[in-house]
Amino acid sequence: MTTPRTVTIFGATGSVGQSTLDLIARSPDQFAVQAVTAQSDVAGLAKIAIAHHARLAVIGDGSRLADLKAALAGTGVEAAAGPQALIDAAALGADWTMAAIVGIAGLAPTLAAIRQGRTVALANKESLVSAGALMMDAVAASGATLLPVDSEHNAIFQCLAGGRVEDVARIILTASGGPFRTATLDRMRAVTPAQAVKHPNWSMGAKISVDSATMMNKGLELIEAHHLFPVGLDRLEIIVHPQSVIHSMVEYRDRSTLAQLGSPDMRVPIAHALAWPARMASPCQPLDLATIGRLDFEAPDPVRFPALALARAAIEAGGARPAILNAANEVAVAAFLKGRIGFLDIAAIVEETLRRYSPAAPTSIEEIGAIDREARGHAISRAESVRID
Ligand code: NDP
Ligand code: MG
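Residues take numbers from 1 onward in each chain, read along the sequence in its written order. Think of it this way: whatever chain is written first is A, whatever ligand is written first is 1, and the rest follow in order. Selection of residues for local features in this predicted model requires a pLDDT of at least 70, selection of side-chain atom pairs for listing and counting requires 80 or more, and totals for whole chains, interfaces and linings are taken over all residues. Note: side-chain values were computed over all heavy atoms of the structure, leaving out hydrogens and water.

A few points about the nonpolar core
Most often, soluble globular proteins keep nonpolar side chains buried together rather than apart. Short version of the rule: Throughout this description, the term nonpolar core refers to a set of buried Ala, Val, Leu, Ile, Met, Phe, Trp, Tyr and Cys residues connected via side-chain atoms within 4.5 Å. Burial here depends on accessible area, computed with a 1.4 Å probe over protein chains only, as a share of the maximum for the residue type. Under 20% is buried, over 50% is exposed, and the range in between is partly exposed. Counting from the N terminus, the helices are the DSSP runs of H or I reaching at least four residues and the strands are the DSSP runs of E reaching at least two. Segmentation into domains, and thus their bounds, comes from an automatic or database assignment. Any pair of residues with heavy atoms lying within 4.5 Å of one another is described as a contacting pair.
Within the largest apolar cluster, 88 residues are counted, with the highest numbers of intra-cluster contacts made by Leu325, Ile341 and Phe343. For this core, the element with the most residues is helix α15 (residues 321–337), which contributes ten residues. Looking at which domains feed residues into this core, each of domain 1 (5–148) and domain 2 (151–190 + 217–300) supplies at least three. Residues within four places of Phe343 in sequence aside, it is in contact with Phe180, Met188, Arg189, Val191, Ala196, Ala213, Thr214 and Phe336. Counting 36 residues, the second-largest nonpolar core is a separate cluster that includes Ala38, Ala54, Leu147 and Met266.

Observations concerning the packing of helix α11 (residues 216–228) against α15
Helix-helix packing is described using two parameters, namely the angle between the two axes and the distance between the axes. Stated precisely, the cut-off is as follows: A fitted line through C-alpha atoms represents every axis, and for helices the fit uses only the stretch in contact; the resulting angles, taken between N-to-C directions, go from 0 to 180 degrees. Note on angle classes: values under 35 degrees are labelled roughly parallel, values over 145 roughly antiparallel, values of 65 to 115 roughly perpendicular, and the remainder oblique. Each crossing gets its hand from how the near helix is turned against the far one by less than a right angle, where anticlockwise is left-handed and clockwise is right-handed.
The contact between α11 and α15 brings their axes to 12 Å, and the two run at 155°. With respect to α15, the element α11 is oriented roughly antiparallel. Handedness of the crossing formed by α11 with α15: left-handed. Each of Met216, Leu220 and Ile223 in α11 lies in contact with α15, whose residues at this interface are Pro322, Leu325, Asn326 and Asn329.

What about the domain arrangement of the protein chain?
The line we're drawing: As a working definition, buried area equals the accessible area (1.4 Å probe) given up by two parts on being put together, with both sides summed. Salt bridges are defined by distance alone: a side-chain nitrogen of Lys or Arg within 4 Å of a carboxyl oxygen of Asp or Glu. Contacts described as polar in this section are N or O atom pairs within 3.5 Å, which, within protein, must combine one atom able to donate a hydrogen with one able to accept it, while residues neighboring in sequence count only if both atoms come from side chains.
Domain annotation of the protein chain identifies domain 1 (5–148) and domain 2 (151–190 + 217–300). Between domain 1 and domain 2, the C-alpha centre-to-centre distance is 26 Å. The interface of domain 1 with domain 2 comprises 23 residues on the first partner and 20 residues on the second. Where domain 1 abuts domain 2, roughly 2,000 Å² becomes buried across the two surfaces, and 75% of that area is made up of carbon and sulfur atoms. Per-residue buried area on domain 1 facing domain 2 is highest for Leu23, Lys125 and Pro148; these three make up 34% of the total on that side. The tally of links between domain 1 and domain 2 comes to two salt bridges. The residue Asp22 makes a salt bridge to Arg267 at a minimum N-O spacing of 3.0 Å. Linking domain 1 with domain 2 are six residue pairs in polar contact (both at pLDDT 80 or more). Those elements that provide at least two residues to the side of domain 1 that touches domain 2 are α1 (15–26), β5 (96–99), α6 (125–142) and β7 (145–148).

Brief notes about the site of ligand 1
Short version of the rule: Here a residue is near a molecule or strand as soon as one of its heavy atoms is found within 4 Å of it. In these tables, accessible area is a Shrake-Rupley quantity obtained with a 1.4 Å probe, and a residue counts as shielded only by the protein chains included in the view. For this classification, Asp, Glu, Lys and Arg are treated as charged, while Ala, Val, Leu, Ile, Met, Phe, Trp, Tyr, Cys and Pro are nonpolar and the rest, including Gly, are polar.
Neighbouring ligand 1 are 23 residues, the closest being Thr13, Ser40, Asp41, Glu126 and Gly205. Between Gly14 and ligand 1, the recorded distance is 3.2 Å, taken from a backbone N or O atom to an oxygen atom. Burial of ligand 1 by the protein amounts to 85% of the accessible area it has alone, namely 900 Å². Of all the secondary structure elements, the ones that give two or more residues to the shell around ligand 1 are α1 and α6. When grouped by side-chain class, the residues that make up the shell around ligand 1 number eleven nonpolar, eight polar and four charged.

Focus on the environment of Asn326
Tracing the chain through its elements places Asn326 in helix α15. Owing to a relative accessible area of 0%, Asn326 belongs among the buried residues under this scheme. On a C-alpha basis, the gap between Asn326 and Gln18 in space is 25 Å, while along the polypeptide they are 308 residues apart. When residues no more than four places from it in sequence are discounted, the contact partners of Asn326 are Ile104, Glu126, Val129, Ser130, Lys207 and Leu220.

Observations regarding the environment of Arg118
Positionally, Arg118 belongs in the loop between α5 (107–114) and β6 (119–122). Overall, Arg118 belongs to the partly exposed group, its relative accessible area being 36%. Counting along the chain gives 34 residues from Arg118 to Glu152, while the straight-line C-alpha distance between them is 23 Å. Those residues in contact with Arg118, other than ones at most four positions away along the chain, are Gly93, Ala94, Asp95, Ala144 and Thr145. One polar contact links the side chain of Arg118 to the main-chain carbonyl oxygen of Gly93, over a distance of 2.4 Å.

Things to note about the sheet that holds β7
Rules: Any two strands with at least two DSSP bridges between them are considered paired.
The seven strands are arranged β4-β3-β2-β1-β5-β6-β7 in an open sheet whose pairing can be described as parallel. Looking along the sheet, the strands with just one partner apiece sit at the ends: β4 (78–81) and β7. Strand after strand, the sheet turns through a mean of 20° between neighbouring axes, direction not considered. The sheet contact formed by strand β1 (residues 5–10) and β5 spans four bridges and is parallel. Bridging across to β5, Val7 finds its partner in Trp96. Relative to the sheet, helix α12 (residues 267–275) contacts β1, β2 (31–38), β5, β6 and β7, its axis offset from that of β5 by approximately 155°.

Here's the deal with the coordination of the magnesium ion (ligand 2)
Formally: Water is not part of the atom set, so a site may look incomplete; the donors themselves are N, O and S atoms within 2.8 Å of the metal, or 3.2 Å for Na, K and Ca.
Within the first shell, the magnesium ion (ligand 2) binds the protein through Asp150 (OD), Glu152 (OE) and Glu221 (OE), at distances of 2.1 to 2.2 Å. Ordering the donors of the magnesium ion (ligand 2) by residue number gives the pattern D-x1-E-x68-E. Highlighted residues: Glu152 in helix α7 (residues 151–159) and Glu221 in helix α11, separated in sequence by 69 residues. Glu221 sits in the buried class, given a relative accessible area of 1%.

The following block contains the structure:
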């Protein structure tokens, strides 16, 4: 029997974290859980840590340490809390780390995991959007293996296996189009948070579900792809494919196009990253193409989904622009989920923050942090000026 691989799950209580733990629990001989983390869900984290025999459980909210200790008393699981404890958990150096914290809050722990030089499965796209160049430099310096978990990027990674980046003519990211793919602007103006988080194909956390509804998710993924697969921005395209069966495609210069297909279940790309370079069995539904019957495609609508152009312009301009885009979007999505702004205000706030704030290009993680905070300040004051009647 081979020694189990040690694994750490950042964002263990979330949608991607739970899917990862579901797969790990099905192969108990192959994986040993080192650390699991959450932000405020003490009960959920303690339950996970006990069920998976983790060595360490870390709660990001420093004020919850006593609660976590109480929940883990007598179990043998060590408890820690606060942002530095998240970084320390990464420094334990698991063989395989899942980076599934939502938002820029995932940047420091993800970077700490990359610096260990082992394997990092990346779901936390916001960190790559805001600090892409710095993160890819850290990957090169540490020799870490970065495996994309976002379904589109995982699909591209699989389609590139055995191919050469210089032979790529186009990378085509597919987008479901979200719950408002066919909605009029008038209807979009009035949608509620409950309607926006109800994705037609995928079950995901609230923030990424809203991003899918505005299509900012696809904008963030364009930036993510730019860093992961350096073929040049002019070779990255987006096509709407409502069934979410083809997860993305790579066209080579001989005009041969490779696609990766699968059920819309995040356990498919997560299983790929867990077993890579081998394969493991997953409990996911096999594709039943006869029942699906047809695959449709359409061009994205830039008028109803302005987030797409904002993201492309931000990565074209480079420097601090993607970090500002991400920070303003995080603020706007949170305000929308709390019912403080309307759905169409999200992209408007991102656009205005980008217009009002134009700092120099960041050269360190500390500078990214400062830009993120400043951009949030601009976005918050803009969000506060929005009145919902
Ligand atoms: P969820 O909201 O379901 O889970 C987020 C996780 O991060 C939870 O464990 C949460 O803890 C933790 N967390 C939240 N805020 C902080 C913080 N400030 N510091 C530390 N931990 C924090 O998100 P998802 O699982 O949907 O998404 C996770 C990431 O993966 C996102 O970047 C998303 O874009 C990406 N992704 C997700 C996909 C999906 O299908 N869900 C698909 C592709 C990418 P707590 O429970 O205590 O709040
Ligand atoms: Mg995706």
